Amino acid sequence: MTDVRPMDPVTQIGDGRRWLMLALGVFAQTSSSIFIHGTPFLLPALTARGDSLASAGALVALPTVGLVCTLIAWGYVVDRIGERIVLVAGTLLMFVAGVAAAVVDNPVAFGALLFVGGIGAASSNGASGRVIVGWFPPDRRGLAMGIRQTAQPLGVGIGALTIPWVAAHHGIPAALLVPALMAGVAAIGCLVGIVDPPRPAAKAADRANPYRGDSTLWRIHGVSILLVVPQATLWTFGLLWLHVDLGWSLAAAGALMTATQFLGAAGRIGAGAWSDRVGSRLGPLRQVAIAAALAMAALTVTAWTDWWWAAVPLMVAASVISVSDNGLAFTAVAEIAGPFWSGRGLGIQNTGQNLAIAAVPPLFGAAITATSFPVVYALAAIAALAAVPLVPRGS
């Protein structure tokens, strides 16, 4: 037996429609990712117009605050009324908030609209995942979810390429229209193309809280929080380490970090396909945790000894490995929670990860200031190592 717990058989639909819904989910999630992770790329333009770094940083953090505050609430709505209406409503809210933020001339209103846009961006996290789990059979679900999980690095990459350039040449309002217009297109696409997957007949057992009397889901959430520490560490400080400790130019360091985003996307797809092949999400998740701990430990040693010729490839490898667990854990949560609780389960999953991501920059930034980059890499390796025994054993 494996730890994959297939949901009830779905109504037969054509493969073309199934993959179309996956593409729409990826597009909606990518627009969300640009709004959340691309907004910080406005920092140069905001400071150039006279905002202090502190006030500009607070502004660009507001979409993430809106996201974290409402992930579980959106999950509850998905569980109650379905995926399609949540995807349409959330992306439409993101569109309206983004367009409004682009035209207002009041800093308080601007910040409030960024917060509201983050609320809309949170909708697609659980809803798009549930569409995939509901329409794809177990033997292709890992691959599909791995593709869906590429939305985050794609969003970061697109945001990095577009938002600073548009803001510099056409102003901050025009830059905000990049994710807003994408969200508008996503809303129309989801309205036309998404069909809520069928749910099994509601039984008392199906509606029972899967968190009561069973630690499996809590353990998976804990694993994901621990494994996001090396991911956030490298995403946040990798460029600075290459520039400060190794003497790379910012352009060269930025190019390498961008490349790791796309390699990480490929790693998520590969991990999902692997889980389909072996019929297990938790087995591969454990192996990824072990690999992440080893890669971060090796990076610590090579960075400490200034073996840059080995440290740089290890940094790239660790970056790819540390994001490969996302789709595995996401799929496992949706499958184990079941059709009546997976929305909330995925909301809890994303909330924990985002809180950890938010904590890494200030905490590890202070640690780097007091010690060095290798010390922080060692702490990230310890976090990954702690995740290994926490992964539940599949039946």
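For clarity, every value in this text was computed on a predicted model and none was experimentally measured.

Definitions and cut-offs
Residues numbered from 1 in each chain as written. Predicted model: local features only at pLDDT ≥ 70, side-chain atom pairs only at ≥ 80, totals over all residues. Heavy atoms only, no water. Helix = DSSP H or I, 4+ residues; strand = E, 2+ residues; numbered from the N terminus. Rg over C-alpha atoms; globule rule 2.2 N^0.38 Å. Areas by Shrake-Rupley, 256 points an atom, 1.4 Å probe, with all protein chains shown as cover. Expected span 1.5 Å × (residues − 1). Salt bridge = Lys/Arg side-chain N within 4 Å of Asp/Glu carboxyl O. Core = buried A, V, L, I, M, F, W, Y, C linked by side-chain atoms within 4.5 Å. Buried < 20%, exposed > 50% of the residue type's maximum accessible area, 1.4 Å probe, protein only. Contact = heavy atoms within 4.5 Å. pLDDT = per-residue confidence, 0-100.

K.L.:
Break down the overall build of the chain for me, citing the residues and quoting the values.
P.N.:
A tally of helices and strands in the chain yields 16 helices and zero strands. Against the globule reference of 21 Å for 395 residues, the chain gives a C-alpha radius of gyration of 20 Å, in line with a compact fold. Projected onto the principal axes, the alpha-carbon positions of the chain cover approximately 60 × 50 × 35 Å. Accessible surface for the chain amounts to roughly 15,800 Å². Of this, 71% is attributable to carbon and sulfur atoms.

K.L.:
How would you sum up helix 11 (residues 250–278)? Please name residues and give values.
P.N.:
Taking 1.5 Å of rise per residue, 29 residues should cover 42 Å, and helix 11 covers 41 Å from first to last C-alpha, within 8% of that figure. Directly after helix 11, the chain includes Gly279, whose backbone phi takes a positive value near 70°.

K.L.:
Lay out the pattern of salt bridges with the relevant residues and their values.
P.N.:
Applying the stated rule across the entire model yields nine salt bridges. Each of Asp79, Glu83, Arg130 and Arg344 takes part in salt bridges that share partners, so that together they form one network.

K.L.:
Which residues make up the nonpolar core, and what values do they have?
P.N.:
Among soluble globular proteins, nonpolar side chains are generally buried collectively. If you look at the biggest cluster of nonpolar residues, it comprises 42 residues, and the most contacted ones within it are Leu42, Leu87, Phe110, Ile172, Leu176 and Ile194. Within the residue set of this core, elements represented by two or more residues are helix 1 (15–38), helix 2 (43–48), helix 3 (53–81), helix 4 (83–103), helix 5 (107–135), helix 7 (151–170) and helix 8 (172–193). The residues touching Ile172, leaving out its near neighbours within four places in the chain, are Leu42, Ala45, Leu46, Arg49, Phe110 and Ala167. Membership of the second largest hydrophobic core comes to 35 residues, among which are Val26, Val133, Ala151 and Ala329.

K.L.:
How would you sum up unusual backbone geometry? Please name residues and give values.
P.N.:
One non-glycine residue with positive phi stands out, namely Asp306, at about 60°. By the secondary structure assignment, Asp306 is in the loop between helix 12 (282–304) and helix 13 (308–323). For Asp306, a relative accessible area of 58% gives the class exposed.

K.L.:
How would you explain the side chain of Ser322 if you had to name every residue and give the values?
P.N.:
Tracing the sequence through the fold places Ser322 in helix 13. Under the relative-accessibility criterion, Ser322 is labelled buried at 3%. Ignoring sequence-local partners within four residues, the contact set of Ser322 consists of Leu227, Pro230 and Gln231.

K.L.:
Tell me about the confidence of the model for the chain, and please be specific about residues and values.
P.N.:
Per-residue pLDDT for the chain averages 88, and the proportion of residues at 70 or more is 94%. pLDDT under 50 marks residues 1–9. Its contacts with residues more than four places away, or in other chains, come to 26 contacts.

K.L.:
Residues and numbers for the environment of Leu246, please.
P.N.:
Relative to the elements of secondary structure, Leu246 occurs in the loop between helix 10 (216–244) and helix 11. Apart from the residues within four sequence positions on either side, Leu246 is in contact with Trp241, Trp308 and Val312.

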